[in-house]
Amino acid sequence: MTGRAKPPLAGQPRPLDETALPRSLLQRPKRATQVLADFLFFPLRVLIPDPLSERFGLSSLRCERMAVMLQEMRGRCLDIGAHDNLLLRHYADRHQNSDSLSSIGLDVIDWNGQCLVLPHSASLPFADASFDSVCFVACLNHIPERREALAEARRVLKPNGRLMITMISRLVGYLDHRLRWWGEHSERNTHEDELDGMNKLEILSLLDETGFVLKRRVSFFYGMNSLFIASQR
């Protein structure tokens, strides 16, 4: 008699299912044919919902963000603002080890992704030095308590851990949130302290104030997005 598999704990990634992204769209470097298709149909990648873009075989914005993040994630990860926990589900699928399978995603809203739901990210229910990587994917601008969230990220990071933030500038964010009217921000109430995006100097200032130092910045999606990789000072 075989036992029934235990469901993942809240916050931990469940196995990939039909809602997952096509693995081919997360492949980096891209195939030449993918690069060409993404370039020729760039307006569609911006103007239509991500799942529809992916159905047409195009790298959606969320694909681009996850692909660049998956290349840099290490060890046990904490994904803050994890939405549907899709990033950690792909991370666990790639590595299938104790670190990836015990990684945790959290959010302030339940998006049915097995995330740990908290009222805010200013106080995290984890011990010091619990994670090798902490991720903020396109969400730091939407967190009103940004400084406190980064300070908590520093606390729960191991000494050699890495902080990773993807972000768009204020101008690109302004256009993005109006052109992509169907985005996540349209499905919830927004806080008065949320921002459309954050400029590089704003990110660097926040990192400095919370004890981080920038190690590397990676531009992607034709330079309209950036991945900031930082470590504890």
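Conventions used here
Residues numbered from 1 in each chain as written. Predicted model: local features only at pLDDT ≥ 70, side-chain atom pairs only at ≥ 80, totals over all residues. Heavy atoms only, no water. Phe/Tyr/Trp six-rings, centres within 6.5 Å; stacked < 30°, edge-to-face > 60°. Helix = DSSP H or I, 4+ residues; strand = E, 2+ residues; numbered from the N terminus. Buried < 20%, exposed > 50% of the residue type's maximum accessible area, 1.4 Å probe, protein only. Salt bridge = Lys/Arg side-chain N within 4 Å of Asp/Glu carboxyl O. Axes fitted to C-alpha atoms, helices over the stretch in contact; angles between N-to-C directions. Parallel < 35°, antiparallel > 145°, perpendicular 65-115°, else oblique. Left-handed = near helix turned anticlockwise from the far one by under 90°. Contact = heavy atoms within 4.5 Å. Nonpolar A, V, L, I, M, F, W, Y, C, P; charged D, E, K, R; others polar. Pairing = 2+ DSSP bridges. Patch = residues over 30% accessible without salt bridge, like charges linked within 9 Å, V, L, I, M, F, W, Y side chains within 5 Å. Areas by Shrake-Rupley, 256 points an atom, 1.4 Å probe, with all protein chains shown as cover.

Engineer: How should I be thinking about the packing of aromatic side chains in this particular structure?
Structural biologist: The description of two aromatic rings rests on the distance between their centres and on the angle between their planes. Taken as a whole, this structure holds four aromatic pairs when the rule is applied. For the ring pair F42 and F221, a centre distance of 5.5 Å and an interplane angle of 50 degrees mean the geometry is tilted. Of this pair, F42 sits in helix α2 (residues 42-47) while F221 is found in the loop between β6 (212-220) and β7 (225-232), placing the two residues 179 residues apart along the sequence. With a relative accessible area of 8%, F221 lands in the buried category. With 6.2 Å between their ring centres and 45 degrees between their planes, F221 and Y222 make a pair best called tilted. Among the residues examined, Y222 registers a relative accessible area of 47% and is labelled partly exposed. Through a chain of ring-to-ring contacts, three or more aromatic side chains come together here, namely F42, F221 and Y222.

Engineer: Please clarify how the pattern of salt bridges should be interpreted in this entry.
Structural biologist: Pairing between side chains becomes possible if they bear opposite charge and their charged atoms approach one another. Going through the model one piece at a time under the given rule, you end up with 18 salt bridges. Close ionic contact of E64 with K30 constitutes a salt bridge, the shortest N to O distance being 2.7 Å. Here K30 lies in the segment before α1 (32-40) and E64 lies in helix α4 (residues 61-70), a separation of 34 residues in the sequence. The partly exposed category is assigned to K30, whose relative accessible area is 23%. Residue D208 pairs with R233 through a salt bridge whose shortest N-O separation is 3.0 Å. Taken together, the positions of D208 in helix α9 (residues 200-209) and R233 in the segment after β7 put the pair 25 residues apart, joining distant regions of the chain. A single network of salt bridges, built from pairs that share partners, joins R28, K30, D38, R45 and E64.

Engineer: Please clarify how the packing of α4 against helix α5 (residues 86-95) should be interpreted in this entry.
Structural biologist: Between two packed helices, what matters for the description is the angle formed by their axes and the separation of those axes. Following both chains from N to C, one finds α4 and α5 inclined at 45 degrees, their axes separated by 11 Å at the closest point. The pairing of α4 with α5 is recorded here as oblique in orientation. In this structure, α4 meets α5 at a crossing whose hand is right-handed. Along the contact surface, α4 presents R62, M66, M69 and L70, while α5 presents L86, L87, H90, Y91 and R94. Here the residues of the contact of α4 with α5 sort into six nonpolar, one polar and two charged.

Engineer: Explain the sheet that holds β6 to me, please; I cannot follow it from the model alone.
Structural biologist: Picture the strands of a sheet paired through backbone hydrogen bonds; they go either parallel or antiparallel. One open sheet accounts for seven strands, arranged β3-β2-β1-β4-β5-β7-β6; its pairing is mixed. One side of each edge strand has no neighbouring strand; the edge strands of this open sheet are β3 (116-117) and β6. Direction of pairing for strand β5 (residues 157-168) relative to β7: antiparallel, over a ladder of six bridges. By the bridge assignment for β7, M167 is matched with S226. Along the sheet, α5 contacts β1 (77-80), β2 (104-107) and β4 (131-137); its crossing angle with β1, the most-contacted strand, is approximately 160 degrees. Strands in contact with helix α7 (residues 146-156) are β1, β4, β5, β6 and β7; relative to β5, the strand with the most contacts, it is inclined by about 145 degrees.

Engineer: Is there a simple way to think about a nonpolar patch on the surface in this case?
Structural biologist: Taken together, L36, F39, L40, F41, L44, F56 and Y222 make up a surface patch of nonpolar side chains, about 760 Å² in accessible area. Sort the elements by how many residues they give to the nonpolar patch and α1 lands first, with three residues. Looking at where F41 falls in the secondary structure, it is placed in the loop between α1 and α2.

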